[in-house]
Amino acid sequence: EMMKELSGLHVLESKLKDMLNLSEVIVVPGDSDQDVWVKNDMGKAAADRLKRQLSAKNIIAVTGGTTLASVAEMMTPIQKGQQLLFVPARGGLGEKVENQANTICSTMAQKANGEYRLLHLPDQLSKETYLSLMAEPGVKEVMELIHSAGIVLHGIGDAKTMAVRRNSNPSVLQKLEEEKAVAEAFGYYFDQQGEVVHRVRTIGLQLDELQNSDFIMAVAGGSSKSDAIAAFMKHGPKKVLITDEGAARQLLGRS
Ligand code: BG6
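Enquirer: Can you walk me through the sheet that holds strand S9 (residues 196–199) in this structure?
Expert: Hydrogen bonding along the main chain pairs the strands of a sheet, whether they run parallel or antiparallel. As summarised here, the arrangement of the four strands in space is S6-S7-S8-S9, forming an open sheet in which the pairing is antiparallel. Strand pairing shows two members of the sheet lacking a second neighbour, strand S6 (157–158) and S9, which therefore form its edges. With four bridges connecting them, strand S7 (residues 181–185) and strand S8 (residues 188–191) associate as antiparallel partners. Across the sheet, the residue bridging to alanine 183 is phenylalanine 190, located in S8. Of the strands in this sheet, S7, S8 and S9 touch helix H9 (residues 170–178), which is tilted by about 170° from S9.

Below, the structure written as structure tokens:
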């Protein structure tokens, strides 16, 4: 805390909170684009903040990504008497196994002494497959848990970076370029105004269902993600952001 006072991080936090209309912001020192350990520091800050939010029974929906993987690594055992259940926010989105929501769920559960349920789904779903999978009892059950998640933990990505990382086909890449997509979260792509311009069809939490959760925490940093963070945050409701100084300074510098 003293380090934070000295480096003026609290000032950045309160300015960002106002600028992005958030309920809370935590800024860790450094820029995760420059130094890899900064991502772990964001992970630690997110894991600590999550712990303060826990009640007796908790259902937590999580997305994938390298940042959420860092949050998972930093998780520590919960107190006795608390129950934790982790579920993936959405099904397959074309990530490597280590960055998939399923993997992150199981790691979080293991580190925190909680439980988890998974969604086993292919990445690219046709409309027919999507509809028939939705009718599967096993899928339905996990879907119900996802819909009752009081806590949502998610990453935010740069649109182009995410589309390329997911091996999206050329027509999707072209569409994102034409629509000037800058941000990605939950498999949705957003333009600078925070409007959805494309989405990956998969089972799980849909964007408009986010408002049913009490606590939505985004973990995203690195100066290169500043546009993505600003765009996604234009989408209500009020959220919590864990970020780094690199992203924070870049965001504030352009206002
Ligand atoms: C993906 C999530 O797995 O990770 C995305 O599905 C998110 O919604 C992305 O934007 C962020 O990845 P990273 O590696 O930048 O934390």
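Enquirer: Explain the packing of aromatic side chains here, please?
Expert: How two aromatic rings sit relative to each other is set out by the distance from centre to centre and by the angle between their planes. Taken as a whole and assessed by the stated rule, the structure comprises two aromatic pairs. Ring geometry for phenylalanine 186 and phenylalanine 232: centres 6.4 Å apart, planes at 45°, overall tilted. One end of the pair, phenylalanine 186, is in the loop between S7 and S8; the other, phenylalanine 232, is in helix H10 (residues 226–232), with 46 residues separating them in the sequence. What makes phenylalanine 186 buried here is its relative accessible area of 4%. Using a relative accessible area of 0% as the deciding quantity, one classes phenylalanine 232 as buried. Summarising the aromatic geometry, the rings of phenylalanine 190 and phenylalanine 232 are spaced 5.3 Å apart at their centres and angled 75° between planes, so their arrangement reads as edge-to-face. Of this pair, phenylalanine 190 sits in strand S8 while phenylalanine 232 is found in helix H10, placing the two residues 42 residues apart along the sequence. Neither residue differs from the other here; phenylalanine 190 and phenylalanine 232 are each classed as buried. An aromatic cluster is defined as three or more aromatic residues linked by ring pairs; in this entry it consists of Phe186, Phe190 and Phe232.

Enquirer: Help me understand the pairing of S8 in this model?
Expert: Moving residue by residue along a regular strand, the side chains alternate between the two faces of the sheet. What you see with S8 is no split at all: Tyr188 and Phe190 on one side and Tyr189 and Asp191 on the other are buried throughout. If you look at the hairpin formed by S7 and S8, you'll find two residues sitting between the two strands, and phenylalanine 186 has a positive phi there, around 55°. The loop that links S8 with its antiparallel partner S9 comprises four residues; one of these, glycine 194, has a positive phi angle of about 85°.

Enquirer: Teacher, can you tell me more about the sheet that holds strand S4 (residues 115–116) here?
Expert: Across the sheet, seven strands lie side by side as S1-S11-S10-S5-S2-S3-S4; this open sheet has parallel pairing. Where the open sheet ends on each side, the last strands, each with one partner, are strand S1 (24–28) and S4. Bridge analysis of strand S3 (residues 83–88) against S4 gives two bridges, and the strand direction is parallel. By the bridge assignment for S4, phenylalanine 86 is matched with tyrosine 116.

Enquirer: Would you take a moment to explain the side chain of glutamine 206 for this structure?
Expert: Among the secondary structure elements, glutamine 206 is positioned in the loop between S9 and strand S10 (215–219). The exposure class assigned to glutamine 206 is buried, which follows from its relative accessible area of 13%. At a separation of 3.0 Å, a polar atom in the side chain of glutamine 206 contacts the side chain of arginine 199. Ignoring any residue separated from it by four or fewer positions in sequence, one finds glutamine 206 in contact with Arg90, Tyr130, Tyr188 and Arg199.

Enquirer: What is the right way to look at the environment of lysine 96 in this model?
Expert: Mapped onto the elements of the fold, lysine 96 is located in the loop between S3 and helix H5 (101–112). Residues lysine 96 and alanine 61, 35 residues apart in the sequence, show an inter-C-alpha distance of 19 Å.

Enquirer: So what exactly am I meant to see when it comes to the site of the ligand here?
Expert: Close to the ligand lie 17 residues; Thr66, Thr67, Glu95, Glu184 and Lys225 are nearest. Side-chain polar atom of threonine 67 to an oxygen atom of the ligand: 2.5 Å apart, as the coordinates give it. Arginine 165 is positioned such that a nitrogen or oxygen atom in its side chain is 2.9 Å from an oxygen atom of the ligand. The protein chains hide 96% of the 400 Å² of surface that the ligand would expose on its own. Listed by contribution, the elements that provide at least two residues to the shell around the ligand are helix H4 (66–73), helix H8 (159–165) and S7. Split into classes, the residues belonging to the shell around the ligand amount to five nonpolar, seven polar and five charged.

Enquirer: I'm lost on the packing of helix H2 (residues 9–20) against helix H11 (residues 245–253) in this one. Help?
Expert: Geometry of a packed helix pair, given as the angle between the helix axes and the separation of the axes. Axis separation between H2 and H11 bottoms out at 10 Å; the angle between their running directions is 55°. On the basis of their axis angle, the class for H2 and H11 is oblique. The two elements H2 and H11 meet at a crossing, and its hand is left-handed. Residues Leu9, Leu12, Lys15, Leu16, Met19 and Leu20 of H2 touch H11, and the partners they reach there are Glu245, Ala248, Arg249, Leu251 and Leu252. For the contact of H2 with H11, the per-class residue count stands at eight nonpolar, no polar and three charged.

Here is what the cut-offs are and how they apply
Residues numbered from 1 in each chain as written. Predicted model: local features only at pLDDT ≥ 70, side-chain atom pairs only at ≥ 80, totals over all residues. Heavy atoms only, no water. Pairing = 2+ DSSP bridges. Helix = DSSP H or I, 4+ residues; strand = E, 2+ residues; numbered from the N terminus. Contact = heavy atoms within 4.5 Å. Axes fitted to C-alpha atoms, helices over the stretch in contact; angles between N-to-C directions. Phe/Tyr/Trp six-rings, centres within 6.5 Å; stacked < 30°, edge-to-face > 60°. Buried < 20%, exposed > 50% of the residue type's maximum accessible area, 1.4 Å probe, protein only. Polar contact = N/O pair within 3.5 Å; in protein donor to acceptor, adjacent residues only side chain to side chain. Near = heavy atom within 4 Å. Areas by Shrake-Rupley, 256 points an atom, 1.4 Å probe, with all protein chains shown as cover. Nonpolar A, V, L, I, M, F, W, Y, C, P; charged D, E, K, R; others polar. Parallel < 35°, antiparallel > 145°, perpendicular 65-115°, else oblique. Left-handed = near helix turned anticlockwise from the far one by under 90°.

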